[in-house]
Every structure is written in C-alpha cells, then in structure tokens.
Amino acid sequence: MRLTVIGTGYLGAVHAACMADLGHDVLGVDTDTRKIEALAAGRAPFYEPGLAELLTRNTRSGRLRFTTSLQEAADFADLHFVCVGTPQRPDSLAADLSHVEAVVDGLAPLLTRDSLVVGKSTVPVGTTRSLSRRLAARLRPGVTAEIAWNPEFLREGYAVQDTLRPDRLVVGATSAHADGLLRTVYEPMLRSGVAYVGTDPATAELVKVAANSFLATKISFINAMAEVCDASGADVVTLADALGHDVRIGRRFLSAGLGFGGGCLPKDIRAFLARAEELEVGEAVSFLRQIDRINERQRRRTVDLARHLLGGTFAGRRVAVLGATFKPDSDDVRDSPALAVAAQIVAADADVRVHDPEGLDNARAALPGPAYCPDVVEACRDADLVLHLTEWRQYRALDPAHLSEVVRAPRLLDARNALDPAAWRAAGWQVRALGRPAPV
Ligand code: NAD
C-alpha cells in the first residue's frame, strides 16, 4: 500500500521505517528540514536501537522516501498517519493540539481523492470527533475523508520491536472501510498473531491515556513505598520482589527510584487531568495529581540525600552524574529526571560532570552549566559523590574497585536501585539508595 507518515520524530520516523519494512511504499513528512535531510539520506536523526539499519535498508530499496511538502503527501497516497507532537501547553496541564490541527488544516484542502487520516499521536479523549469536524469543513467539494485513531504504545529504546511486534494494535474507527484498510496495513503483523482491538475512536484514544496512567501509578506507588521504607528502615527492593511474586501485581514497573520522565508519561497524565475536568469527571481521576506529585518529589528526595551525603552542602563539591537521558537506550532528555537533578545541583554551586552514552548533545543543549564528559571514568575523576541517575546497562558493568581509585571520595547514590550495593561496598564505597536502609 502507499501511505504517508506526517511527523517524523521519535514515533513517526520509526513508524515510517517499519511500515516500509512491512512492504508498503512510504513517504515521511516533517516541517523540520534537517530531520528530513538526515532521514532521506538513511540516517537516524536520534538514537534508537535498530532504526539506522531499517532506514538504510528501506531508503536504498526506494520504498521509503521523505519530504517537507504536504502537497507531495496529498498527491502520494490516500492513507495518512499523523505522528506529530502533542506537548503540554505552557499555560495549563492540557495537551497542545495545535500541531495535529495544523496537519488536518493543511492536508484537508490538498486532498483530491477520498482519504483516510489515521492519528497515532497521544490525544485527549474526544479529539477524533473534533478533528473530524475540522477536516470535513476544509475538504474540497466532492472529496470525502474520515479520521480513525490508532494510538501508539512503543517504548523508546525498544521502538522498532514494539512497532513490529506490539502487545496489541488498537484501532478506533467509525466505518468498516477504515477498519478494513488498517487491517490490510497491519496484515503481516496480524498474521503473526498480534492482537487487534477494533473499537470506536473515543475508546481507542482513552486506551492509550489509561495505559500511561496505570504505568505512572505503578511507579509512583512503589516510590511512595520507598519513602515509607526510608522512614521505617524497611527495604523497598525486597518489598517489590515480594509484591511482584503475586501474579495479580507483577514485578515490572515496580522499581523504586528517581521516577518517570520523558516526552510522554508526565504530560499525558496531566493532559488526562485537564480533559477529565472538561468532561466534569475531574474527581474520578484526581488521584493522578498525587501520582504526578509523588513523581516530582523523588527528584527533590534525590537532591536532599545527595546533599546529606556531602555533609550538608554542594558548594565546592565535585559531583559525577551518570546518565542524562530520561531512560536508557535513548538520547531523549525531554523532562529527564536525571537532568532535573543535575540542574538543581548545578544551581547549588556544585562542580557537576555529566556522562551519558547517547544523550550528551541533547543534554548540553537543554542544560548549560555542567561539564559533559564522553568518558565515564573522566566524569568520575576527583568526584566527592557519584550519582547514578539513568540505568544504562554499561553502568552496571563498571568496576567499582577501579573507580574508587579515580574519585576523591568513594560515595555512591544509586537513585535507580540498579547497581549491586554489595559489590560496591566490598570495593570500599559508601552506598546509599532511595528506599533502602543504610548499613549500620
Ligand atoms: P517528536 O517531537 O519527536 O516528533 C514530532 C515531530 O512532528 C517533529 O519532528 C516535528 O518537527 C513534527 N511536526 C510538528 N508539526 C508538524 C507539522 N505541522 N507537519 C509535519 N510535521 C510536524 O515527538 P514524538 O516523541 O515522536 O511524539 C509524537 C506523538 O506520539 C506524541 O503525541 C506522543 O505523545 C506520542 N507518542 C510518543 C511515543 C514516544 O515514545 N516518543 C510513544 C507513543 C506515543
């Protein structure tokens, strides 16, 4: 099939490459010229495992092309996926839908054949309905077009495999025609057993927001337990392990630490709160306000514990920060808990040296102030404290005995509960973590 993918960021670039890999003829569209140039040359404009190979293979084969022209998109296909951003509005908790609306406004008058527009961005429930009215009002006479919603659940760091082998596909459509077209697009995946949930657009929109709310709740729940552990001398890791044995609860997403961030979870639960208020069901989801607060508090708790470990002040102390991205295997620093902590420590006059395997360029652009070190050992040189803030695999492979010779004082705060405290202590380190008792 011929299709376009409008918006080629973290979601759209992967979607476009994967759709081409399934055998479709794909045109990716973005307003960002530099991004389009990189993608057209077969280069990934951001770090995502496996994406570069897919881009190279499919741009070479000619099945995947890129443009900045919406006119070209309208001429190319009758099926358009919309993957533009829906960030938090600067003035409220609500989602900013201006990018999605701009695509609909721009595309509608260019369509000359009956078309299907499929939203993949995360949007408040009810958006498909309002966009459908917007689309209809701008179509040329005699042209019909409809909108379906097919929210995306991919995780950065696993985006390619999540797109090609998702846990489920969710499609909210108002016609059998739209549903049928999407089943055809995803046919190779359906054949390999991927579950397909066909529903109405409102339910589809809500599945995505509800899934993110549930995941955020699980993380903030265990972080709340970590605070109780700190106050009572209990151990949150053992607690999570024990809870996780219960199949009704499960161990995943029960890792206590610095909390969630990124371009999705925080803004999605806030947008849900705002939309629920509009629907006059704000009270029903008001617990999400607390989920957000618990999450933000972990950043302050980490800074407070770091200050405590340094004897009450950051001034004049050197702090090594391991990790800048919001999660491992990504270069994304949007609302990164690690960078938020680094920013607070810089503001408190510490000499901060940040290492990250993939996120240094984005971090440097987002937070001037710290020194950015491509080498992890250099980041730790002469440090009074090492802060582990993003759980990259390579930090688990560090040799604590070697590092103890590089730092000024062998002090570690593992804000992700991902390093082996026994191994670090055996190498002479003082180790602290959120929700774990300090050894006596
Ligand atoms: P992003 O900022 O990386 O990408 C958005 C892209 O859209 C940018 O490249 C931007 O230049 C482009 N764009 C903006 N306006 C445009 C326009 N009018 N025409 C063409 N292109 C335009 O954002 P993202 O992380 O890819 O997220 C996109 C959407 O997908 C959001 O709604 C997000 O919540 C959702 N989502 C993201 C992820 C993820 O892991 N990143 C996962 C699931 C869902």
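No experiment lies behind these values; they were computed from the predicted model shown. (Residues numbered from 1 in each chain as written. Predicted model: local features only at pLDDT ≥ 70, side-chain atom pairs only at ≥ 80, totals over all residues.)

### Looking at the site of the ligand
And step 1. Not every one of the 26 residues close to the ligand is listed here, only the nearest: Gly7, Gly9, Leu11, Ser121 and Thr122.
And step 2. Among the elements of the structure, α1 (10-21) and α5 (98-107) are those that each provide at least two residues to the shell around the ligand.
And step 3. Residue classes in the shell around the ligand are distributed as 10 nonpolar, 11 polar and 5 charged. (Near = placed C-beta within 6 Å. Helix = DSSP H or I, 4+ residues; strand = E, 2+ residues; numbered from the N terminus. Nonpolar A, V, L, I, M, F, W, Y, C, P; charged D, E, K, R; others polar.)

### A word on the nonpolar core
And step 1. Counting 129 residues, the largest nonpolar core has Ala17, Val321, Ala342, Ile345 and Leu387 as its most contacted members.
And step 2. Counting residues per element, this core draws most heavily on α1, which supplies 9 residues.
And step 3. Contacts of Val321, omitting those with residues within four sequence positions, involve Ala338, Ala342, Val352, Arg353, Val354, Pro370, Leu387 and Leu389. (Core = buried A, V, L, I, M, F, W, Y, C linked by C-beta atoms within 7 Å. Buried ≥ 20, exposed ≤ 12 C-beta atoms within 10 Å, placed from the backbone. Contact = placed C-beta atoms within 7 Å.)

### Examining the domain arrangement of the chain
And step 1. Taken domain by domain, the chain holds domain 1 (2-198), domain 2 (208-292) and domain 3 (297-433).
And step 2. The C-alpha-based centres of domain 1 and domain 3 are spaced at 37 Å.
And step 3. Taken together, the contact between domain 1 and domain 3 spans 7 residues of the former and 7 residues of the latter.
And step 4. Here the side of domain 1 that touches domain 3 is built from residues that sort into 4 nonpolar, 1 polar and 2 charged. (Domains from an automatic or database assignment.)

### Looking at helix α3 (residues 51-61)
And step 1. The set of residues buried in α3 consists of Leu51, Leu54, Leu55, Asn58 and Thr59. Relative to the axis of α3, the buried residues are bounded by an arc of 110° and lie together on one face. With respect to the buried face of α3, the exposed residues turned more than 90 degrees away are Arg60 and Ser61.
And step 2. Where the residues of α3 are buried, they touch α1, α2 (33-40), β3 (64-67) and α7 (159-164).
And step 3. In the segment just after α3, Gly62 is the residue with positive phi, at about 90°. (Arc of directions from axis to C-beta.)

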